[in-house]
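Secondary and tertiary structure notes
Each chain, written out:
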Amino acid sequence: GAVVSQHPSWVICKSGTSVKIECRSLDFQATTMFWYRQFPKQSLMLMATSNEGSKATYEQGVEKDKFLINHASLTLSTLTVTSAHPEDSSFYICSARGNGADTQYFGPGTRLTVL
Amino acid sequence: QKEVEQDPGPLSVPEGAIVSLNCTYSNSAFQYFMWYRQYSRKGPELLMYTYSSGNKEDGRFTAQVDKSSKYISLFIRDSQPSDSATYLCAMSGDNDMRFGAGTRLTVKP
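All values derive from a computational prediction rather than experimental measurement.

1. Looking at the overall build of chain B
- What chain B contains, in helices and strands, is 0 helices and 11 strands.
- The helix and strand sequence of chain B, counted from the amino end, reads β-β-β-β-β-β-β-β-β-β-β.
- In summary, chain B has a C-alpha radius of gyration of 13 Å against a globular reference of 13 Å for 109 residues, a match within 12%.
- Expressed along its principal axes, the backbone C-alpha trace of chain B runs to roughly 40 × 25 × 20 Å.
- Taken over 109 residues, chain B has a buried fraction of 41%.
- When contacts within chain B are restricted to residue pairs at least 6 apart in sequence, those whose partners lie at least 24 apart make up 54%.
- Accessible area for chain B stands at about 5500 Å²; split by element, carbon and sulfur atoms hold 45% of it.
- Seen as two clouds, the 12 positive and the 12 negative side-chain charges of chain B have centres 5 Å apart.

Rendered as structure tokens:
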């Protein structure tokens, strides 16, 4: 149980385009989803927290107009990187937590490369 | 001072060795403690989950929590090359969760 999927697993795009990444909880209802980015050989950096049906809460320094998060259902959250630039190239990982749970379950990650 | 401190390593051990990974924390509100394993270019995978002081064993893995010292450990017995990964400690409480920086472990055959 507690499986989280992400799509796509990798994406290459041109500078200036937008990219959408999906995060799905497959066998539980995720009342809260988290989005992280991870640079090579570094730890996870929390970008934002989203509760189903509410606006996401962004960490300091994360541009909410650049990283659009939607959590419209209990099993799906999306992260859209708008007007992507090469410095946005990174490994983006989502995690999901059920109602009342204390543990996050992670997706497999999406590797974004912006040319 | 960071809320969660974890030595990033890298840590290299021979196959069969006992590995000890540790984290310290400062927030006494943390009540739940987790260890995640992350292979290169993969998402973190939940390995162990504990919520009380003491030891919890699962196969070759033992998680230890000492709330009085604000110190948690993960022990890996009979380490295998397949254990080579980054291990992240995590802890939560009051609807807040924090991760350690992760320790890179290499088990050499």
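2. With respect to the sheet that holds strand β8 (residues 76-81) of chain A
Residue and element names in this part refer to chain A.
- Pairing within the open sheet is antiparallel, and its 4 strands lie in the order β1-β3-β8-β7. Each end of this open sheet is capped by a strand with a single partner; those strands are β1 (4-7) and β7 (67-73). For this sheet the average axis-to-axis angle between neighbouring strands, irrespective of direction, equals 15°.
- By the bridge criterion, 5 bridges tie β7 to β8 in an arrangement that is antiparallel. Following the sheet pairing, asparagine 70 is matched in β8 by threonine 78.

3. So, the interface of chain A and chain B
- Facing the 16 residues of chain A at the interface are 19 residues of chain B.
- With both chains or domains summed, chain A and chain B bury close to 1400 Å², and 55% of this area falls on carbon and sulfur atoms.
- The interface formed by chain A and chain B holds 5 residue pairs in polar contact (both at pLDDT 80 or more) in total.
- Contributing elements (two or more residues each) for the side of chain A that touches chain B: β4 (30-38), β9 (90-98) and β10 (105-106) of chain A.
- With 3 residues, β9(A) is the single largest residue contributor to the side of chain A that touches chain B.

4. Focus: the pairing of strand β5 (residues 45-51) of chain A
Residue and element names in this part refer to chain A.
- Bridge count between β4 and β5: 6 bridges; the pairing is antiparallel. Bridged to tyrosine 36 within β5 is leucine 46.
- If you look at the hairpin formed by β4 and β5, you'll find 6 residues sitting between the two strands, and lysine 41 has a positive phi there, around 60°.
- In terms of strand pairing, β5 meets strand β6 (residues 57-58) through 2 bridges, oriented antiparallel. If you follow threonine 49 over to β6, its bridge partner there is threonine 57.
- The hairpin turn running from β5 into β6, its antiparallel successor, is 5 residues long, and glycine 53 in that turn takes a positive phi close to 85°.

5. Remarks on unusual backbone geometry
- In this structure, the amide linkage connecting His7(A) to the following residue, Pro8(A), adopts the cis form with an omega of 0°.
- For Pro8(A), the position within the fold is in the loop between β1 and β2 (10-13).
- A cis geometry characterises the amide bond from Gly9(B) onward to Pro10(B), with omega recorded as 5°.
- Along the chain, the position of Pro10(B) falls in the loop between β1 (4-6) and β2 (11-14).
- The residue Ser83(A) is not glycine, and still its phi comes out positive at about 45°.
- One can find Ser83(A) in the loop between β8 and β9.

6. With respect to a nonpolar patch on the surface
- Judged by side-chain polarity, Trp10(A), Ile12(A) and Leu115(A) come together as a nonpolar surface patch covering roughly 390 Å² of accessible area.
- Position of Ile12(A) among the secondary structure elements: in strand β2.

7. What to know about the sheet that holds strand β7 (residues 61-66) of chain B
Residues and elements named next belong to chain B.
- In space, the 5 strands of this open sheet follow the order β1-β3-β8-β7-β6, with antiparallel pairing throughout. The sheet is open, and its two edges are formed by β1 and β6 (54-58), each paired on a single side. With direction set aside, neighbouring strand axes in the sheet form an average angle of 15°.
- In this sheet, strand β8 (residues 71-76) lies alongside β7 in antiparallel orientation, the contact comprising 6 bridges. Bridge pairing in β8 links phenylalanine 61 to isoleucine 76.

Analysis parameters
Residues numbered from 1 in each chain as written. Chains lettered and ligands numbered in written order. Predicted model: local features only at pLDDT ≥ 70, side-chain atom pairs only at ≥ 80, totals over all residues. Heavy atoms only, no water. Helix = DSSP H or I, 4+ residues; strand = E, 2+ residues; numbered from the N terminus. Rg over C-alpha atoms; globule rule 2.2 N^0.38 Å. Buried < 20%, exposed > 50% of the residue type's maximum accessible area, 1.4 Å probe, protein only. Contact = heavy atoms within 4.5 Å. Areas by Shrake-Rupley, 256 points an atom, 1.4 Å probe, with all protein chains shown as cover. Lys, Arg positive; Asp, Glu negative; His and termini not counted. Charge placed at Lys NZ, Arg CZ, Asp CG, Glu CD. Pairing = 2+ DSSP bridges. Axes fitted to C-alpha atoms, helices over the stretch in contact; angles between N-to-C directions. Buried area = accessible area lost by both parts, 1.4 Å probe. Polar contact = N/O pair within 3.5 Å; in protein donor to acceptor, adjacent residues only side chain to side chain. Patch = residues over 30% accessible without salt bridge, like charges linked within 9 Å, V, L, I, M, F, W, Y side chains within 5 Å. Salt bridge = Lys/Arg side-chain N within 4 Å of Asp/Glu carboxyl O.

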